[in-house]
Amino acid sequence: MYNNQNTSLALALAALFLMAPFFSAGAETTLNGAGATFPYPIYSKWFDEYNKIHPDIKINYQSIGSGGGIKQFTAKTVDFGATDGPMSDKEIFAVDGKPVHIPTVLGAVVPTFNVPGVANLVFDGNILAGIFLGTIKSWDDPAIKGLNPEAALPPSPITVVHRADGSGTTYCFTDYLSAVSPEWKKTVGTGKAVNWPVGLGGKGNEGVAGLVKQTSGAIGYVELIYAKSNNLAYGAVKNRAGKAVLASVEAVSAAAASAKIPADFRVSIVNASGDTSYPISTFTWLLVYEKNSGKTGAVLKEFLVWMLEDGQKLAPNLGYAPLPANVNDMVKARIQSIK
Amino acid sequence: MSAGFRRRQRINTFMFFLTGVFTFIALSTLFFILGYIAYHGISSLSWDFVTKLPKPVGETGGGIANAIVGSLKIVGLASLIGIPVGVLGAVYLAEFGGNRIGFLIRYAADVINGVPSIVIGIFAYALVVLPMKQFSALSGGVALSIIMIPLVIRTTEEFLRLVPGSIREAALALGLPQWKVILRVVLPTAARGILTGAILSVSRIAGETAPLLFTAFGNRYWDDGLLHPIAALPLTIFTYAISPYDDWHKQAWAAALILILIVLIGNILARLLMKQPSPQSH
């Protein structure tokens, strides 16, 4: 018989290979989560550290974007979700069960640009809104020149780059523009995906960073870490108090300090008051269910307690601002009811 | 010599030259891709890279062992579903499918073949992930097997049709029942072609990313069994390539190199197996 033995041997081996993990599965607990790309670095650091302390607990997080995170959380295909923009009332209503927003850390969205010969720029809300609305078309526009008298701004056109996918970064950025520009609020508004009047779309923070890097005269918005790790220039932004502030852990913490935190933690901290506050800052949230099946709730709660204590100390090294003490206490109290 | 002849001769030389150039372009693309990936990937290859788990995001080092095993598992699972279904389907088409149903099946297979793989991923998501409320290796295997089945059906059928009718008739004339003719005469004769088709389909699905995004989902740890999210090489390459970290970009190249090597080695092994002189003992 031609090759019969070979085939059956191969099939038997394949079957064994596939079955093997069934026998080896021990008393481990695996939690699966998905969502925002922005906190991915700190989350994977946390889950890795936590696995070192509790080798029997594995938390697997996939960064598919805030929109995807909310979708999978709603479909209950994951144990928890993650987002940079809070769920809307409508989105919460769609979830079977009670979703809880758990703020974890804070971050900043920065305007990043590629203008030859220009390394530092200052923006304000009106300029950013004007650029992204398409009314400010050239780098040597008087408005930009007015704030940056020293910069050698060329008379070249501005190429706007924005996100093409549903994104918490977009939510934070448009939330800020809506807060500072009535025209933006009226014509475009706030959302994870909006109808951009002008510009090119890039997928993910990386896509926007890549487009800005390749395009002379481009401006985009990315999370701070993406601008830093790609060596992109990013501008300081004038805050509510009229001071130009460059994004940093301290400037984000300052923005959070002045915020009034509601009981469900769904809060926007864009355009915060205070001299040192960075105006395009945001919390990022984990989404968990109030009631979980089996051990999931207990394991999650234990992790969240660790995250609020030891986990927070890991944040600044990775460019994230830890939760303010008052928020930390509120979260600790809130997670007690998670089952 | 007439001017017309010289003109035809010139055109002949020119066209001959063109075919050579285009053959060179087609071949050099292959070698360019292989070379480019090897050039970028080889510096990050190490023993640790193929035996260790990934490090947390942004930290250098770590490996992709779980993705290698995960890919083998998903592709193995897809083959276990896809190859038997495909081969048996092809037997039906080649031996009994000269009718309207056969036409419909062939047509359906071609249509599935043309469906973008992301759509098949969504289908598997709705079929397996949503009811089970769990991303899993199983759903990834199902998604890939759906891509595999039409490929296996169509290639296997082609090779079964190449088996001369006279051989079938000779076997029937010796008094063999039809099932024995198919099992002992037709299939072994076409075995080489069937295996080639199977290898091609395995190579094709090994590199699929889109159908795995919302089925296998990815996992940073070792997975247990078939009912949990699982890592896979294409997913790892995708995630690492769009990350903002240089080290991950390098690892993505190395992972791509490993994926290509695995497909290549599988290909060569299977061909060597087929080259073995077949024992004609029966």
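Residues numbered from 1 in each chain as written. Chains lettered and ligands numbered in written order. Predicted model: local features only at pLDDT ≥ 70, side-chain atom pairs only at ≥ 80, totals over all residues. Heavy atoms only, no water.

Draft legend 1. Quick look at the packing of helix α5 (residues 117–132) of chain B against helix α6 (residues 137–162) of chain B. All names here are of chain B. As a packed pair, α5 and α6 sit with axes 9 Å apart at the nearest point and diverge in direction by 145°. In this structure, α5 crosses over α6, and the sense of that crossing is right-handed. On α6, the residues touching Ser-117, Ile-120, Phe-123, Ala-124, Leu-127, Val-128, Val-129 and Met-132 of α5 are Leu-138, Ser-139, Val-142, Ala-143, Ile-146 and Ile-147. Looking at the contact of α5 with α6 residue by residue, the class counts come to twelve nonpolar, two polar and no charged. (Axes fitted to C-alpha atoms, helices over the stretch in contact; angles between N-to-C directions. Helix = DSSP H or I, 4+ residues; strand = E, 2+ residues; numbered from the N terminus. Left-handed = near helix turned anticlockwise from the far one by under 90°. Contact = heavy atoms within 4.5 Å. Nonpolar A, V, L, I, M, F, W, Y, C, P; charged D, E, K, R; others polar.)

Draft legend 2. Molecular detail of the packing of aromatic side chains. Applying the stated criterion across every chain yields a total of 31 aromatic pairs over all chains. Taking 6.0 Å as the distance between ring centres and 55° as the angle between the ring planes, the aromatic pair formed by A:Phe132 and A:Trp196 counts as tilted. Separated by 64 residues along the polypeptide, A:Phe132 in helix α5 (residues 125–133) and A:Trp196 in the loop between α8 (182–187) and β7 (200–202) bring together distant segments of the chain. We classify A:Phe132 as buried; its relative accessible area is 0%. A:Trp196 sits in the buried class, given a relative accessible area of 15%. Following the ring pairs from residue to residue traces out a cluster consisting of A:Tyr40, A:Tyr43, A:Trp46, A:Phe47, A:Tyr50, A:Tyr61, A:Phe80, A:Phe303, A:Trp306, B:Tyr240 and B:Trp248. (Phe/Tyr/Trp six-rings, centres within 6.5 Å; stacked < 30°, edge-to-face > 60°. Buried < 20%, exposed > 50% of the residue type's maximum accessible area, 1.4 Å probe, protein only.)

Draft legend 3. A look at the nonpolar core. Of all hydrophobic cores here, the largest spans 149 residues; its most connected members are A:Ile102, A:Leu128, A:Ile131, A:Phe132, A:Trp139 and A:Phe283. Of all the elements, helix α3 (residues 65–96) of chain B adds the most residues to this core, at ten residues. A:Ile70, A:Met87, B:Tyr125 and B:Phe217 belong to the second largest nonpolar core, which has 13 residues in total. (Core = buried A, V, L, I, M, F, W, Y, C linked by side-chain atoms within 4.5 Å.)

Draft legend 4. Main features of the domain arrangement of chain A. Residue and element names in this part refer to chain A. On domain assignment, one finds that chain A holds domain 1 (30–106 + 282–335) and domain 2 (108–257). Between domain 1 and domain 2, the C-alpha centre-to-centre distance is 28 Å. Taken together, the contact pairs 21 residues of domain 1 with 15 residues of domain 2. Buried surface at the junction of domain 1 and domain 2, both sides included, amounts to about 1,300 Å², of which 66% is carbon and sulfur. Taken together, domain 1 and domain 2 are joined by one salt bridge. As a salt-bridge pair, Glu-91 and Lys-192 come within 3.6 Å of each other at their nearest N and O atoms. Counting the contacts that link domain 1 with domain 2 gives zero residue pairs in polar contact (both at pLDDT 80 or more). Elements represented by at least two residues in the side of domain 1 that touches domain 2 include exactly α3 (66–75) and β12 (281–289). Here the side of domain 1 that touches domain 2 takes three residues from α3, the largest share from any one element. Broken down by class, the residue content of the side of domain 1 that touches domain 2 amounts to twelve nonpolar, seven polar and two charged. (Domains from an automatic or database assignment. Buried area = accessible area lost by both parts, 1.4 Å probe. Salt bridge = Lys/Arg side-chain N within 4 Å of Asp/Glu carboxyl O. Polar contact = N/O pair within 3.5 Å; in protein donor to acceptor, adjacent residues only side chain to side chain.)

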